[in-house]
Amino acid sequence: MAELRVLFKDIDIPGIDTLDVCEQNGGYSALKKALGMTRQQVIDEVKASGLRGRGGAGFPAWIKWNGIPKDESQPHYVLCNADEGEPGTFKDRELMMRHPHQLIEGMVIAGYATLAKVGYIYIRGEYTEPARVLRRAIDEAYRAGYLGKNILGSGVDFDLYLHMGAGSYECGEESAMMSSLMGERGQPRLKFPHAPLPTIAGLWDCPTLINNVETLSCVPSIIRNGGAWYASMGTEKSTGTKIFSVSGHVNKPGNYEVEMGTPLMELLELAGGVKGKLKAVIPGGSSVPILPAEKCDVNLDYESLQAAGTMLGSGGFMVLNDTVCIVRFMRRTAAFYAHESCGKCTPCREGTRWMLKIFDRILAGGGRQEDIDLLLEICDQIDGRSYCGLGDAAAWPIRASIKHYRHEYEYFIEHGYSVVESKEAVTV
Amino acid sequence: MAEQELVTIEINGIELQVPKGEMIIESAKRVGVDIPFFCYHPRLGKGQAANCRMCLVEAGTKQPDGSVRMMPKPQTSCSLPASQGLVVYTDTVAIQKARRGILEFLLINHPLDCPVCDRGGECPLQNNTLFYGPGVTRYVEDKRHLPKAFPISDYVVLDRERCIHCARCTRFSQEISGDAQLEFLKRGADMMVSTFQDTEFTSCFSGNTIELCPVGALTSRRYRFRARPWDMKSQKSVCTRCSNGCNIWLDYRPKRLVRVLGRENEAVNEEWTCDRGKFGHEYINSDRRLLSPLVRQGEKFVTASWAEAYQVIASRIQQAVRAHGADSVGAIGGAHLSNEEAYLLQKLMRVAIGTNNLDHRLERNQLAGGDTLLTRFGVPFTQTAIADIERAKTVFIIGSELVDEQPIVFLRARKAWYRFGAKVIIAYPEVTETELRFDEPVVLRYREGTEPVLVAGLLHLVLSSAEAGSRADAVWNSVSVYTPERVAEETGVSLDALREAASLLGEGTVFLCGGRVRNHAEYPTLVRTLCRLVEVTGNAGRANGGLNILLPEVNSHGAADMGVLPDMLPGYAPVGDVGARQHLERLWNVSLPAQPGLSSQAMLERAAQGQMQVLYIVAEDIAQKYHDPALAQRALENAGFVVVQDLFLTETAQYADVVLPAASVAEKEGTFTNTERRVQRFWEALDSPSPDVKPDLNIFAELAVYLGKPIPVFSAEQVMEEIGKAFPAYADCHYDQMPPEGIRWQALTRVAESREKATQLT
Ligand SMILES: Cc1cc2nc3c(=O)[nH]c(=O)nc-3n(C[C@H](O)[C@H](O)[C@H](O)COP(=O)(O)O)c2cc1C
Ligand code: SF4
Ligand code: SF4
Ligand code: SF4
Ligand code: FES
């Protein structure tokens with residue numbers, strides 16, 4: 001029972017966020033190695049690693065890399081998703097704050113492999129500190145010739161820009177991120193099969209590789225140590241390691257990097273154990289279905305969590321003990337999605353606000369038993385019919401909470417207060 | 001055109017072939033399957049918005065083994081392109097449920113003020129709810145409340161509570177009109193349509209958003225509460241506010257026009273109109289319309305019968321002809337008449353009175369069917385069809401505030417750029433509204449008046465980059481002195497901009513020339529150089545290229561075609577051309593004056609010196625609109641006798657001795673010829689405001705009777721048949737055979753040919 005550190009291997013080294021220290025610890029050696037490989041060899045190495053996207057969907061990284069056209073008739077772009085808006089998720093923040101050069105190196109390698117000469121890091125507006133660190137690191141990398149024209153004399157060019165978002169969760173959705181970056185309203189764009197994939201027509205209708213901070217940060221160690229080495233960790237389909245942002249009722253909240261397939265209960269122990277009695281875990285950020293304590297005997301990898309009815313998601317691992325009122329908790333979740341709905345499509349725009357109003361009425365004591373089924377039906381009316389994943393993500397947790405904790409809803413509606421609250425606490 | 005690739009798809013079990021990439025919502029129509037929608041609009045967007053989610057269908061793809069792999073989620077058919085083997089179900093239980101869900105969502109915050117909403121009765125939200133919606137709502141919370149009936153311009157009212165956020169209006173303003181004046185504010189359920197910081201919605205295409213809005217969120221201030229769709233009738237018409245000839249619907253109640261809607265014509269306006277068109281026909285309803293003839297008695301007008309009025313006019317004309325000759329009489333006007341009326345006006349002047357003193361031109365330059373264009377290209381003013389502009393590779397806008405001068409031509413030019421990636425060059429002395437609607441066009445900011453130098457300089461650049469042997473010496477010699485350096489110096493345009501513009505002038509360049517070209521002091525030189533530039537760049541014979549001198553008024557083109565010109569007979573036959581004259585003499589059974597008459601300018605100058613006995617001003621307020629109003633006013637004051645025929649007691653009419661009340665476009669039928677030579681019919685909708693208001697056609701015919709030289713006229717249709725004989729380009733324009741998009745008359749291969757043909761016909 002221990003962490004397995006790949007991405008975090010060096011983060012405790014003082015000064016690793018500066019170029020000198022980073023270089024002394026092997027920083028940019030992967031880039032040098034990659035520049036000596038063919039582009040396809042780099043992609044093949046990523047393929048061999050089995051690396052999957054860490055932004056939430058777990059899509060195999062190499063398929064995107066390989067999907068980028070291999071000619072340069074158009075400009076190509078690499079877009080790093082550093083929006084990290086998923087509630088309960090703060091791993092990208094630490095990766096950028098503490099090891100910025102790892103990400104930059106990963107991006108340059110990605111740029112080299114996909115023929116991109118320009119990269120963007122779209123970082124959420126609230127991340128002013130990580131942005132400052134990154135900006136400094138980018139400057140250092142330019143000065144050292146790791147960015148810019150003719151990198152390390154290889155003839156390869158790669159310019160990197162940092163772009164700050166303006167505080168919208170939806171802008172973490174990759175197509176909305178592209179809209180936002182291009183100066184449009186932060187709303188999503190049509191997806192395949194309604195429009196070409198971003199790898200064909202992304203930013204400014206040019207081929208664009210979009211990956212999460214953690215995904216790109218994995219690249220240097222994969223190149224340095226080989227894809228097979230990376231794939232030797234984790235499970236067959238979920239290779240490598242994963243950082244979980246553990247928050248909530250644990251004694252030592254924080255980011256923990258563990259091998260894929262680590263038992264959930266081990267992660268809880270790593271985080272100092274549960275404060276009080278475990279009620280449930282939300283393992284992948286607020287968007288994924290809640291996992292009641294009795295189902296927590298599960299391994300942390302894409303397949304096992306899916307089998308358990310939830311998802312690995314972003315790794316935003318929220319721990320709830322038995323003092324948590326599920327209805328209140330879900331009201332907060334509903335409020336988040338209603339607030340963050342971009343408004344583009346009918347189901348999410350109207351449905352999320354409606355659900356919030358129902359929750360508010362229930363909490364105010366005005367609930368009706370039929371509201372529970374109404375909530376479920378609203379979830380059905382949103383899920384699968386909305387324009388982008390935000391709508392689905394608004395429906396899933398609420399639906400799962402009713403599935404597992406219907407009695408809490410019924411109790412709250414009947415009594416006007418929660419099953420976990422004493423009557424006195426409410427009336428005072 | 002390249003053959004379109006077809007794919008086989010299946011909709012509700014029916015197999016069909018459709019063009020690859022066609023949106024399924026369109027394919028479904030082919031098999032009679034209706035898919036409800038709100039946000040979809042085939043003219044909006046490079047891709048569709050797909051935001052209302054009303055058009056969901058279940059879709060899958062046929063596998064090699066014949067089974068179908070369904071996609072896990074329903075798909076929006078408005079954005080789902082047809083691909084080989086696509087299988088679609090539009091009416092499954094799941095889809096019916098989905099539609100009910102979407103409508104329930106749309107309705108929870110909808111105010112349901114149908115009884116007081118202008119959209120009621122023609123509202124997609126009402127209709128879709130009726131057919132696909134839930135019967136009752138489960139919503140017990142407060143509805144969203146937002147400002148209602150919020151005027152955002154003189155024309156448009158915004159009701160934010162009614163908005164269903166379909167983004168049609170915002171997409172129109174970004175993609176079609178390009179002014180981007182409407183956008184969404186905020187997000188989620190707080191999202192609302194707005195202008196920038198609630199400033200006025202000044203787009204000159206704002207009316208289209210009213211028609212696009214699928215609910216009553218954007219309504220017309222002019223139409224608000226004036227009628228319900230079921231108590232109006234509609235008649236097809238053509239807008240008269242500029243020379244583009246947009247197709248419109250006149251919606252009317254007895255004796256009242258209540259609104260104007262865009263009418264589809266792919267060849268002209270697609271379905272758009274500008275605000276002048278949409279809101280600029282209210283004058284028809286005015287209670288200041290003339291209701292009977294007026295005859296001057298001293299300082300005052302008194303109403304008169306038509307017989308009295310005709311008698312006064314006829315005797316004054318006859319007197320003038322007897323005492324001073326027929327050339328002491330002249331007529332100005334015609335650009336606002338129908339073709340039939342314009343034709344009759346010239347016949348009245350030439351046949352019944354015996355003078356060529358007639359002219360429809362009020363601008364400073366009085367172009368006679370652009371001689372150069374006609375002899376070189378066989379067209380008087382414009383080569384390119386409006387619809388072909390969108391296929392241009394380069395659009396070159398010269399001396400025109402196109403948005404304002406030719407709104408619908410502008411929309412095509414913008415479409416060429418926005419949808420199809422054409423390059424745009426804009427030459428104008430000042431910053432124009434037009435250039436702001438394109439991203440980074442090549443701007444040639446020349447010094448006022450230096451258009452000829454600029455164009456010569458571009459020709460010079462184009463020629464000098466061509467192979468030396470391939471250029472005609474004469475052409476080269478005409479511009480060899482216009483070196484880029486000199487042109488840059490004289491016009492103030494940078495060398496880089498000149499070179500960039502010249503490099504874009506290849507095959508497929510459409511030249512759109514506006515008022516500053518039309519009225520340039522050195523127009524003949526300018527237009528000659530333009531013609532050469534068009535030829536040298538290989539655009540003389542191309543559909544998606546060519547020279548276009550855009551015209552000012554609704555029927556400027558038709559009036560010129562009809563020979564409302566002092567020196568040209570119908571069909572641009574010079575008055576002095578014996579053959580042409582004889583052809584018409586035979587047709588009309590008269591002998592025609594052989595001397596060219598006076599232009600508007602000459603007539604007015606003469607009149608100002610007291611040398612015109614009779615001025616007949618038809619449907620033009622020359623006292624205000626003539627390019628030199630002071631001259632027009634002096635002329636009106638000093639002419640012996642002034643007849644004004646109009647809808648209103650205009651400023652010009654104040655000078656009249658007799659005023660004749662004419663019918664508006666809505667009260668008569670006929671044809672107009674738009675700036676691209678398209679002859680289009682319009683129909684009668686309303687009764688005239690008084691029995692004593694007559695169409696101009698009748699007035700000319702009756703006046704001829706009083707002049708003792710009857711011109712028998714039974715209908716506009718019959719006049720058109722005669723026009724076809726006088727000017728064979730119109731020979732196909734039979735009323736009963738006119739295609740809905742009208743007839744664009746063919747370029748004359750040789751001008752003489754038209755006359756030969758004409759001679760044969762008679
Ligand atoms: C509503 C929504 C928000 C998202 N927010 C983020 C985010 O903050 N960070 C992120 O990396 N991916 C986010 N994603 C996932 C991205 O759309 C995309 O899948 C990801 O950036 C791809 O990178 P990866 O393949 O490396 O995971 C979000 C998706 C949705 C639907
Ligand atoms: S589901 Fe619809 S409203 Fe919600 S964020 Fe996506 S596009 Fe916007
Ligand atoms: S105002 Fe009308 S057109 Fe515009 S978004 Fe709202 S409903 Fe659609
Ligand atoms: S563009 Fe011209 S013809 Fe069309 S609506 Fe406007 S004024 Fe009328
Ligand atoms: S019509 Fe297809 S989503 Fe609106």
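Given the structure is predicted, the values throughout are model-derived calculations rather than measurements.

## Regarding the overall build of chain B
Scanning chain B from N- to C-terminus turns up 28 helices and 31 strands. A compact globule built from 762 residues would reach a C-alpha radius of gyration of about 27 Å, and chain B, at 29 Å, matches this within 12%. Taken along the three principal axes of its C-alpha coordinates, chain B extends 90 × 70 × 50 Å. With 762 residues in all, chain B has 61% of them scored as buried. A separation threshold of at least 6 residues defines the contact pool for chain B, and within that pool the share at least 24 residues apart is 69%. Roughly 29000 Å² of accessible area belongs to chain B as shown, and the carbon and sulfur atoms make up 49% of that amount.

## Observations concerning the packing of helix α5 (residues 91–98) of chain A against helix α7 (residues 128–143) of chain A
Residues and elements named next belong to chain A. Between α5 and α7, whose axes approach to 8 Å, the crossing angle comes to 35°. Here the hand of the crossing between α5 and α7 comes out left-handed. Mapping the contact onto sequence places R93, M96 and M97 in α5 and E129, P130, V133 and L134 in α7. A breakdown of the residues in the contact of α5 with α7 according to their chemical character gives five nonpolar, no polar and two charged.

## A word on the site of ligand 2
Every one of the 13 residues lining ligand 2 counts as a neighbour, but P188, C342, C345, C348 and C388 of chain A are closest to it. The residue makeup of the shell around ligand 2, split by class, is seven nonpolar, four polar and two charged.

## Overview of the environment of Q746 of chain B
The residue Q746 of chain B is located in the loop between β31 (743–744) and α28 (751–761) in this model. Each C-alpha atom, one on Q746 of chain B and one on V379 of chain B, is 8.2 Å from the other, the two residues being 367 residues apart in sequence.

## Side note on the site of ligand 4
Residue and element names in this part refer to chain B. Neighbouring ligand 4 are the residues C239, R241, C242, N244, G245, C246, T273, C274, R276, G277, P407 and I408. Going through the elements one at a time, α6 (275–279) and α12 (407–418) are the ones with two or more residues in the shell around ligand 4. Residue classes in the shell around ligand 4 are distributed as six nonpolar, four polar and two charged.

## Let's talk about the nonpolar core
Core analysis: the largest hydrophobic core is formed by 74 residues, its most contacted members being L345, L348, Y616, L660 and Y730 of chain B. Core analysis: the second largest hydrophobic core is formed by 57 residues, L31, V78, F158 and L216 of chain A among them.

## A closer look at the packing of aromatic side chains
Think of a pair of aromatic rings as described by two things: how far the centres are apart, and how the planes are tilted against each other in angle. Enumeration according to the criterion identifies 32 aromatic pairs over all chains in this entry. Each ring, one from Y169 of chain A and one from F336 of chain A, has its centre 4.9 Å from the other, and the planes form 65°; the classification is edge-to-face. Of the two residues, Y169 of chain A is situated in the loop between β3 (159–164) and α8 (174–181) and F336 of chain A in helix α13 (residues 326–340); the sequence distance between them amounts to 167 residues. Under the relative-accessibility criterion, F336 of chain A is labelled buried at 16%. An aromatic cluster is built from F205, F410, W417, Y418 and F438 of chain B, whose rings are joined through pairwise contacts. Directly above the ring of W683 of chain B sits K236 of chain B, whose terminal nitrogen or CZ lies 4.8 Å from the centroid.

## Brief notes about the interface of chain A and chain B
Taken together, the contact pairs 35 residues of chain A with 43 residues of chain B. Interface of chain A and chain B: buried area, both sides summed, is about 3200 Å²; carbon and sulfur atoms make up 50% of it. Among the residues chain A hides against chain B, the three largest losses belong to H194, W354 and R385 of chain A. Together they make up 22% of the total. Along the contact surface separating chain A from chain B lie six salt bridges. Here E141 of chain B makes a salt bridge to R361 of chain A, at a shortest N to O gap of 2.8 Å. Put simply, chain A and chain B have 26 residue pairs in polar contact (both at pLDDT 80 or more) between them. Listed by contribution, the elements that provide at least two residues to the side of chain A that touches chain B are α13, α14 (346–366) and α15 (370–382) of chain A. Looking at the side of chain A that touches chain B, the element that brings in the most residues is α14 of chain A, giving 10 residues.

## Some points on the confidence of the model for chain B
Averaged over every residue, the pLDDT of chain B is 94; the share at 70 or more is 96%. Here the predicted complex scores 0.94 on pTM and 0.95 on ipTM.

## Some points on the pattern of salt bridges
Residue and element names in this part refer to chain B. Applying the stated rule across the entire model yields 83 salt bridges over all chains. Here R376 and E535 are joined by a salt bridge, their closest N and O atoms 2.8 Å apart. Here E535 lies in helix α19 (residues 523–536) and R376 lies in helix α9 (residues 371–377), a separation of 159 residues in the sequence. Look at R376 and you get partly exposed, because its relative accessible area is 32%.

## A short note on the sheet that holds strand β22 (residues 509–513) of chain B
All names here are of chain B. Strand order in the open sheet formed by five strands is β21-β20-β19-β22-β23, with parallel pairing between adjacent strands. With partners counted over all chains shown, the strands left at the sheet margins are β21 (442–444) and β23 (546–549), one partner each. The mean angle between the axes of side-by-side strands here comes to 15°, regardless of whether they run parallel or antiparallel. Two elements, strand β20 (residues 423–427) and β21, share three bridges in a ladder whose sense is parallel. From the neighbouring strand, A427 faces β21, where its bridge partner is L444. Each of β19 (394–398), β20, β21 and β22 is contacted by helix α17 (residues 495–504), which is oriented at about 120° to β21, the strand it contacts most.

## A short note on the domain arrangement of chain B
Residue and element names in this part refer to chain B. By domain assignment, chain B separates into domain 1 (6–104), domain 2 (113–125 + 138–285), domain 3 (299–367 + 555–601 + 667–761) and domain 4 (383–549). The gap between the C-alpha centroids of domain 2 and domain 4 is 35 Å. On the domain 4 side, the residues contacting the 21 residues of domain 2 number 16 residues. Where domain 2 abuts domain 4, roughly 1500 Å² becomes buried across the two surfaces, and 51% of that area is made up of carbon and sulfur atoms. On the domain 2 side of the interface with domain 4, the three residues burying the most area are F205, N244 and E270, jointly 31% of the side's total. Where domain 2 touches domain 4, the interface holds four salt bridges. Note that D404 and R276 form a salt bridge whose closest N and O atoms lie 3.2 Å from each other. Our count for the domain 2 to domain 4 interface comes out at eight residue pairs in polar contact (both at pLDDT 80 or more). With three residues, helix α4 (residues 168–176) is the single largest residue contributor to the side of domain 2 that touches domain 4. Looking at the side of domain 2 that touches domain 4, its residues break down into nine nonpolar, seven polar and five charged.

## Remarks on helix α22 (residues 600–608) of chain B
All names here are of chain B. Among the residues of α22, S600, M603, L604, A607 and A608 are the ones counted as buried. One side of α22 carries all its buried residues, which in axial view fall inside an arc of 130°. In the stretch just after α22, G610 is the one whose phi turns positive, near 75°.

## Quick notes on a nonpolar patch on the surface
All names here are of chain A. Where nonpolar side chains cluster on the molecular surface, the patch consists of F192, L197 and I200 and spans about 300 Å² of accessible area. With respect to the helices and strands, F192 occurs in the loop between α8 and β4 (208–212). Given the relative accessible area of 57%, F192 is considered exposed.

## Details of helix α14 (residues 451–465) of chain B
Helix length check: α14 of chain B, at 15 residues, gives a terminal C-alpha distance of 21 Å against a target of 21 Å (1.5 Å per residue), a fit within 8%. Taken across its 15 residues, α14 of chain B has 13 buried, putting it largely inside the fold.

Rules of the game
Residues numbered from 1 in each chain as written. Chains lettered and ligands numbered in written order. Predicted model: local features only at pLDDT ≥ 70, side-chain atom pairs only at ≥ 80, totals over all residues. Heavy atoms only, no water. Helix = DSSP H or I, 4+ residues; strand = E, 2+ residues; numbered from the N terminus. Rg over C-alpha atoms; globule rule 2.2 N^0.38 Å. Buried < 20%, exposed > 50% of the residue type's maximum accessible area, 1.4 Å probe, protein only. Contact = heavy atoms within 4.5 Å. Areas by Shrake-Rupley, 256 points an atom, 1.4 Å probe, with all protein chains shown as cover. Axes fitted to C-alpha atoms, helices over the stretch in contact; angles between N-to-C directions. Left-handed = near helix turned anticlockwise from the far one by under 90°. Nonpolar A, V, L, I, M, F, W, Y, C, P; charged D, E, K, R; others polar. Near = heavy atom within 4 Å. Core = buried A, V, L, I, M, F, W, Y, C linked by side-chain atoms within 4.5 Å. Phe/Tyr/Trp six-rings, centres within 6.5 Å; stacked < 30°, edge-to-face > 60°. Lys NZ or Arg CZ within 6 Å of the ring centre and 35° of its normal. Buried area = accessible area lost by both parts, 1.4 Å probe. Salt bridge = Lys/Arg side-chain N within 4 Å of Asp/Glu carboxyl O. Polar contact = N/O pair within 3.5 Å; in protein donor to acceptor, adjacent residues only side chain to side chain. pLDDT = per-residue confidence, 0-100. Pairing = 2+ DSSP bridges. Domains from an automatic or database assignment. Arc of directions from axis to C-beta. Patch = residues over 30% accessible without salt bridge, like charges linked within 9 Å, V, L, I, M, F, W, Y side chains within 5 Å. Expected span 1.5 Å × (residues − 1).

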